[in-house]
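So the chains spell out like this:
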Amino acid sequence: MPKAVRNKLKGNHKLTEFYSRSLQRSGLFYGFPSEKKRMALYKDYLQYQSKILGSKAVGNEANLAFICIIIGHKDLAISLKSLREVSNGKMDIRVVTEKTLGMKVSRFPSLAGAVRDLDDNTLLFFLNSGDTITHDTVKVFTNNNDEADLTYSDTDRIDVKKRRVSPHFLPDWNPDLQYSTGYVFTGVKCKAKLLKQNSVKSQTIAGLVAELWLKQPELLIKHLPFTLVHRTTNKAAVDERLKDIRERLSDCTTAVASFNAELGVNHIQWPIASEPLVTLIIPTKNAKKLVQACIDSILEKTTYQNYEILLIDNGSDEKESINYFSELNKHPKIKVLSYPGEFNYSAINNFGVEHASDRCAIIGLINNDIEVIAPNWLSSMVGHASREDIGCVGAKLLYSDGRIQHAGVVMGYGGGAGHAHKYFPRYHPGYIKRLIATQNYSAVTAACLLVKKSLFLEVGGLNEKDLTVAFNDVDFCLKVKETGARNIYCAEAELYHHESVSRGTDHAPEKAARFNRELHYLKTRWGNYIDHDPAYSPNLTLMRENFSIKTKGEFSQ
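Predicted model, so just to flag it, every value in this text is computed and none were measured.

Quick look at helix α10 (residues 235-252) now. Here α10 is 18 residues long and its end C-alpha atoms lie 26 Å apart, about the 26 Å a rise of 1.5 Å per residue gives. Considered for burial, the residues of α10 that qualify are V238, R241, L242, D244, I245, R246, R248 and L249. Residues of α10 that are buried make contact with α7 (175-181), α9 (205-215), β10 (256-260) and β11 (265-269). Among the residues of α10, the N-terminal cap falls to N234, whose side-chain oxygen and the backbone nitrogen of A236 are separated by 3.1 Å.

On to the packing of helix α11 (residues 288-301) against helix α12 (residues 319-328), then. Each packed pair of helices is defined by two parameters, the angle between the axes and the distance between the axes. As a packed pair, α11 and α12 sit with axes 9 Å apart at the nearest point and diverge in direction by 25°. Of the possible angle classes, the one that applies to α11 and α12 is roughly parallel. Contact with α11, carried on its side by K288, V291, Q292, I295 and D296, involves E320, S321, Y324, F325 and L328 of α12 and no other residues of that element. Of the residues that constitute the contact of α11 with α12, the class distribution is five nonpolar, two polar and three charged.

So, on to the environment of H73. Note that H73 resides in the loop between β1 (66-71) and α4 (76-87). C-alpha of H73 to C-alpha of G130: the two residues are 57 residues apart in sequence and 7.9 Å apart in space. Residues within four places of H73 in sequence aside, it is in contact with T97, K99, L101 and S129. For H73, the side chain forms a polar contact with the side chain of T97, separated by 3.0 Å.

Let us look at the pairing of strand β23 (residues 486-497). Consecutive side chains of a regular strand alternate in pointing toward one face of the sheet and then the other. Burial of β23 is extensive: 11 of the 12 residues sit out of reach of the surface. Of the strand pairs in this sheet, strand β16 (residues 370-372) and β23 are connected by three bridges, and their pairing is antiparallel. Directly across from E371, in β23, lies its bridge partner Y496. Here strand β17 (residues 390-398) runs beside β23; their pairing, made up of seven bridges, is parallel. Of the residues in β23, the one forming a bridge with A395 is C490. Strand direction decides the pairing type here: strand β21 (residues 439-440) and β23, joined by two bridges, are antiparallel. Counterpart to Q439 in the pairing with β23 is Y489.

So, about the pattern of salt bridges. Considering all chains together, one arrives at 22 salt bridges under this definition. A salt bridge links R163 to D159, with the shortest nitrogen-to-oxygen separation between them at 2.8 Å. In the salt-bridge network here, residues are joined through shared partners; they are D176, R387, D389 and R486.

Soluble globular proteins tend to bury their nonpolar side chains together. Ranked by size, the top nonpolar core spans 135 residues in total, and within it I69, L124, F126, Y152, L195, L449 and F476 carry the most contacts. For this core, the element with the most residues is α9, which contributes eight residues. When residues no more than four places from it in sequence are discounted, the contact partners of L124 are F66, I67, I69, V115, L118, V188, K189, C190, K191, A192 and L195. Counting 36 residues, the second largest nonpolar core, distinct from the first, contains C294, I366, I390 and A395.

Attention now goes to the layout of surface pockets. Volume-wise, the second largest pocket comes out at about 870 Å³. Residue lining of the second largest pocket: 35 residues in total, with S166, P167, H168, R231 and I432 positioned closest to the centre. Contributions of two or more residues to the lining of the second largest pocket are made by α3 (35-56), β7 (164-168) and α10. The element that contributes the greatest number of residues to the lining of the second largest pocket is α3, accounting for six residues. In terms of residue class, the lining of the second largest pocket is built from 16 nonpolar, nine polar and 10 charged.

Residue placement: T186 occurs in the loop between α7 and β8 (188-191). A distance of 3.2 Å separates the side chain of T186 from the backbone nitrogen of N128, its partner in a polar contact. Polar contacts involving the side chain of T186 include one to the side chain of D131, which spans 2.7 Å. Discounting chain neighbours no more than four positions away, the residues touching T186 are F126, L127, N128, D131, T155, I205, V229 and R231.

To continue, consider the confidence of the model for the protein. The pLDDT averaged across the protein works out to 92; a share of 93% of its residues lies at or above 70. Overall, residues 501-505 carries pLDDT values under 50, and its contacts beyond four positions in sequence, including any with other chains, amount to 10 contacts.

Right, let's talk about the state of the cysteines for a bit. Throughout the structure, instances matching the rule amount to zero disulfides. With no disulfide of its own, C68 has C190 as its nearest cysteine by sulfur position, at a separation of 12 Å. Of all cysteine sulfurs, the one in C294 lies closest to C448, which takes part in no disulfide; the gap is 9.0 Å.

This brings us to α12. Every buried residue belonging to α12 is among S321, Y324, F325 and L328, and all of these are buried. Considered in projection along α12, the buried side chains sweep an arc of 100° and stay on one side of the axis. If you follow the buried residues of α12, they end up packed against β12 (277-284), α11, β13 (307-313) and β14 (334-338).

Our focus in this paragraph is the environment of A210. Checked against the element boundaries, A210 lands in helix α9. Using a relative accessible area of 0% as the deciding quantity, one classes A210 as buried. A sequence separation of 63 residues divides A210 from A273, and the C-alpha atoms of the two residues are 24 Å apart. In this structure, A210 is in contact with Q178, Y179 and I245, ignoring residues within four places of it in sequence.

Under the definition given, this model contains 22 aromatic pairs. Taking the centre distance of 6.1 Å and the plane angle of 70° together, the rings of Y42 and F169 count as edge-to-face. Separated by 127 residues along the polypeptide, Y42 in helix α3 and F169 in the loop between β7 and α7 bring together distant segments of the chain. We classify Y42 as buried; its relative accessible area is 2%. F169 sits in the buried class, given a relative accessible area of 0%. Joined through ring pairs, the aromatic side chains of Y42, Y45, Y48, F169 and F555 make up one cluster. We note K288 situated over the ring of Y324; from NZ or CZ to the ring centre the distance is 5.6 Å.

Basis of the calculations
Residues numbered from 1 in each chain as written. Predicted model: local features only at pLDDT ≥ 70, side-chain atom pairs only at ≥ 80, totals over all residues. Heavy atoms only, no water. Helix = DSSP H or I, 4+ residues; strand = E, 2+ residues; numbered from the N terminus. Expected span 1.5 Å × (residues − 1). Buried < 20%, exposed > 50% of the residue type's maximum accessible area, 1.4 Å probe, protein only. Contact = heavy atoms within 4.5 Å. Polar contact = N/O pair within 3.5 Å; in protein donor to acceptor, adjacent residues only side chain to side chain. Axes fitted to C-alpha atoms, helices over the stretch in contact; angles between N-to-C directions. Parallel < 35°, antiparallel > 145°, perpendicular 65-115°, else oblique. Nonpolar A, V, L, I, M, F, W, Y, C, P; charged D, E, K, R; others polar. Pairing = 2+ DSSP bridges. Salt bridge = Lys/Arg side-chain N within 4 Å of Asp/Glu carboxyl O. Core = buried A, V, L, I, M, F, W, Y, C linked by side-chain atoms within 4.5 Å. 1 Å grid on protein atoms, 1.4 Å probe; cavity = no way out; pocket = protein on both sides within 12 Å on 5 of 7 lines; lining within 4 Å. Points joined across faces, edges and corners; volume = space filled by probe spheres on them. pLDDT = per-residue confidence, 0-100. Disulfide = S-S within 2.5 Å. Arc of directions from axis to C-beta. Phe/Tyr/Trp six-rings, centres within 6.5 Å; stacked < 30°, edge-to-face > 60°. Lys NZ or Arg CZ within 6 Å of the ring centre and 35° of its normal.

Take a look at the structure:
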């Protein structure tokens, strides 16, 4: 655009405002580094990795006491060359494919067939056809021959210029992320007896990992946070492994798994056998318009109908709000309770749980500035909350302008905790599809959180003594996680969260002091999760909530 025209347009105040709002909605400024910057960061990381692996190496000889099983035949020669170069031609290699191969290599039509004649304790290393390994791969996997039943590593790609690019820095074992994306799909080690004991039907590595876990959920699965495999992938391969996972879910559970072709992820609706009563607890002080938008959206849009609403009035003094709450109290699904006194988020919600119906099976903590988008939000969340091994269930929450406010909580952000993919555009897939995929996180926000009532009571509810406003939800989720339950971010449950509209920010001196006290409590109580959040890679930054690679300075800390 000519400079003169551009300057004239800049003088139009309304046009400038429109342009700024459009940029904000587009998410261009959500902070993710450019491709050039990402390549530079990864180059620095590889130097760090080389240093770490060099210090851990036990000599240069790799223990080749495992069999490599290659799945498929596409670009098979590339994988064979890589394996033979690293092992000097000494590695035992088996290929699983139904296609007749024009090369001298052991071929089997199924995974089960490939391991049938092997000793139970034989170590297996699985690789997709076309994938290659580094000079450190065999050494690191064999030197980590510990008590783990199954081991996997991070991956990257080799581009046309022979550069290592696009690292997938994975979390520790995350079963629900495996169901939705098949994030572990190459570079996996386990013993032959696992496959033989479980009579595996899988035909992909991603399906195999999901199947083994579904059949033996007590397995110890270890993540090696190093890029040790160069992956190749295409849409057909992704679709195939996600289909394999859906079929294994169908074999082993009563969940209904469907495929979202547009997003390239699996959606899983877990069964809701008896439609348990859900008590939705909404604390408020005044804020009639917010509460009305919240409750109207629940009543008008929610498809799951077995719920009650407890509106907890924390000392409202505006006539308009008081009159509205009085009218709400007449609704058959709504009860308004009075909780006078100082604002204490934890105490108010604990009070609400105490007054839930005796028939209540699931508690829902809902902020008064929440507004329903997806009608199936409660069905999706109740399905997860009803699972025996699931604790807290959080939702995908959007700011009023459509950007991401919450999609799971990551421990360690800013030294405490923060929200994954904060400010990303609504329809962005996120890092390795983690924004659009249901998965496990250590914690989720209580702005919209479901949990079994029995579990809420078991852990003592929210901490109303030490965490009156901030981090009480994080603390609660981690207490639940410590019981052995997994917490989950449900990507299918979409709602608006008009955050801080009702309560304001924490810039006042007394609020800042309280926030710092509560942050100190979090750091003291949950330092182990802050040091290493199993739902987040140690190679990703804690300086921003955007899944960028750490800078060189962060690795040296």
